[in-house]
Amino acid sequence: MKQYQLFMAFFRVGMLGYGGGPASIPLVHKEVVEKYKWIDTDEFGDILAIGNSLPGPIATKMAGYIGYRVGGYLGMINAIVASIVPTIILMIVILTSLTSFREQAWVQGMTKAVVPVVGVMMAVLTWDFFAKSREGLGWGKSVLLLLVSFLLIGLLGVHPAFIIGVILLFALTRPAKKKQEGEQS
């Protein structure tokens, strides 16, 4: 049953993730965190951060890792196949169909309409991640990290993988917080 759920989760992502990786990320989050609860939001953020720093399509990398976590090697293969088969089928069907209509206004409008939808989906996911970081770091550190990241990536052109690597290194080398009173060991 879990292999079927895994296949269906990533098949839906593959079918509905029109626009590539950025459009797929919120869909993957919806399936694996909210619907099936295979991982939590923090772990999803970690997978996304590491996946973005590696070469290749993000949806396929996430499918492979999450599939492995949920169902071992068979789950990994299942999730990868489920995420790429819809794309292959849709490319063949849609591209052959739309090629004959590519000059039509409705086709051009359809492709232009995807950009704002993906933008909104990414903004919602970004806000969720920011709210989660606010809980762990507080307002000041979260805003500072956001501004420094924007400055380095957006204005100075530093590759996001370097920023992610530095933050991961910082998180791994920083001393662990002491547990507050009332928490059990």
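Structure: see above.
Given the structure is predicted, the values throughout are model-derived calculations rather than measurements. (Residues numbered from 1 in each chain as written. Predicted model: local features only at pLDDT ≥ 70, side-chain atom pairs only at ≥ 80, totals over all residues. Heavy atoms only, no water.)

This paragraph deals with the environment of methionine 62. Within the fold, methionine 62 resides in helix H4 (residues 58-99). Take methionine 62: its relative accessible area is 1%, and that puts it in the buried class. For the pair methionine 62 and isoleucine 50, spaced 12 residues apart in the sequence, the C-alpha separation amounts to 9.6 Å. (Helix = DSSP H or I, 4+ residues; strand = E, 2+ residues; numbered from the N terminus. Buried < 20%, exposed > 50% of the residue type's maximum accessible area, 1.4 Å probe, protein only.)

The next subject is the packing of aromatic side chains. Tallied over the entire structure, the rule returns six aromatic pairs. Measuring from centroid to centroid gives 5.6 Å for phenylalanine 7 and phenylalanine 11, while their planes differ by 20 degrees, and the two rings are stacked. One end of the pair is phenylalanine 7 and the other is phenylalanine 11, both in helix H1 (residues 2-16) and four residues apart, which spans about a single turn. Counting every residue linked through ring pairs, the aromatic cluster contains Trp127, Phe130 and Trp139. (Phe/Tyr/Trp six-rings, centres within 6.5 Å; stacked < 30°, edge-to-face > 60°.)

On to the nonpolar core, then. Membership of the largest hydrophobic core comes to 22 residues, with the highest contact counts inside it found for Phe10, Val28, Val32, Trp38, Phe44, Met62 and Ile66. For this core, the secondary structure elements donating two or more residues are H1, helix H2 (21-35), helix H3 (41-53) and H4. In terms of residues, this core owes the most to one element, H4, which gives seven residues. Not counting residues up to four positions away in its chain, the partners in contact with isoleucine 66 are Phe10, Val28, Val32, Trp38, Ile39 and Ile47. (Core = buried A, V, L, I, M, F, W, Y, C linked by side-chain atoms within 4.5 Å. Contact = heavy atoms within 4.5 Å.)

Looking now at H4. The end-to-end C-alpha distance of H4 is 27 Å, clearly below the 62 Å that 42 residues give at a rise of 1.5 Å each. Helix geometry: H4 is bent most strongly at glycine 71, by close to 145 degrees. (Expected span 1.5 Å × (residues − 1). Bend = angle between axes of the 7 residues up to and from the residue.)

Close contact between helix H6 (residues 139-155) and helix H7 (residues 160-173) brings their axes to 10 Å; oriented N to C, the two are set at 145 degrees. The crossing of H6 and H7 is right-handed. Taking contact as the criterion, the partners of Leu145, Ser149, Leu152 and Ile153 in H6 are, on H7, Pro160, Ile163 and Ile167. Looking at the contact of H6 with H7, its residues break down into six nonpolar, one polar and no charged. (Axes fitted to C-alpha atoms, helices over the stretch in contact; angles between N-to-C directions. Left-handed = near helix turned anticlockwise from the far one by under 90°. Nonpolar A, V, L, I, M, F, W, Y, C, P; charged D, E, K, R; others polar.)

Here we take up the layout of surface pockets. The calculated volume of the largest pocket comes to roughly 2,000 Å³. Ala49, Phe129, Ser133, Leu145 and Ile167 are, among the 41 residues lining the largest pocket, the residues nearest its centre. Per-class residue counts for the lining of the largest pocket are 24 nonpolar, 10 polar and seven charged. (1 Å grid on protein atoms, 1.4 Å probe; cavity = no way out; pocket = protein on both sides within 12 Å on 5 of 7 lines; lining within 4 Å. Points joined across faces, edges and corners; volume = space filled by probe spheres on them.)

Take the packing of H2 against helix H5 (residues 105-137) next. At a minimum axis distance of 9 Å, the contact between H2 and H5 shows a crossing angle of 50 degrees. In terms of orientation, H2 lies oblique with respect to H5. Judged by the twist between their axes, the crossing of H2 over H5 is left-handed. Of the residues in H5, those in contact with Pro22, Ala23, Ile25, Pro26, Leu27 and His29 of H2 are Val118, Met121, Met122 and Leu125. Partitioning the contact of H2 with H5 into residue classes produces nine nonpolar, one polar and no charged. (Parallel < 35°, antiparallel > 145°, perpendicular 65-115°, else oblique.)

This next bit is on the environment of lysine 61. Within the secondary structure layout, lysine 61 lies in helix H4. If near-sequence neighbours (up to four positions away) are discounted, lysine 61 is found in contact with Gly51, Leu54, Pro55 and Gly56. Looking at lysine 61, its side chain comes within polar contact range of the main-chain oxygen of glycine 51, at 2.5 Å. Polar contacts involving the side chain of lysine 61 include one to the main-chain carbonyl oxygen of glycine 56, which spans 3.1 Å. (Polar contact = N/O pair within 3.5 Å; in protein donor to acceptor, adjacent residues only side chain to side chain.)

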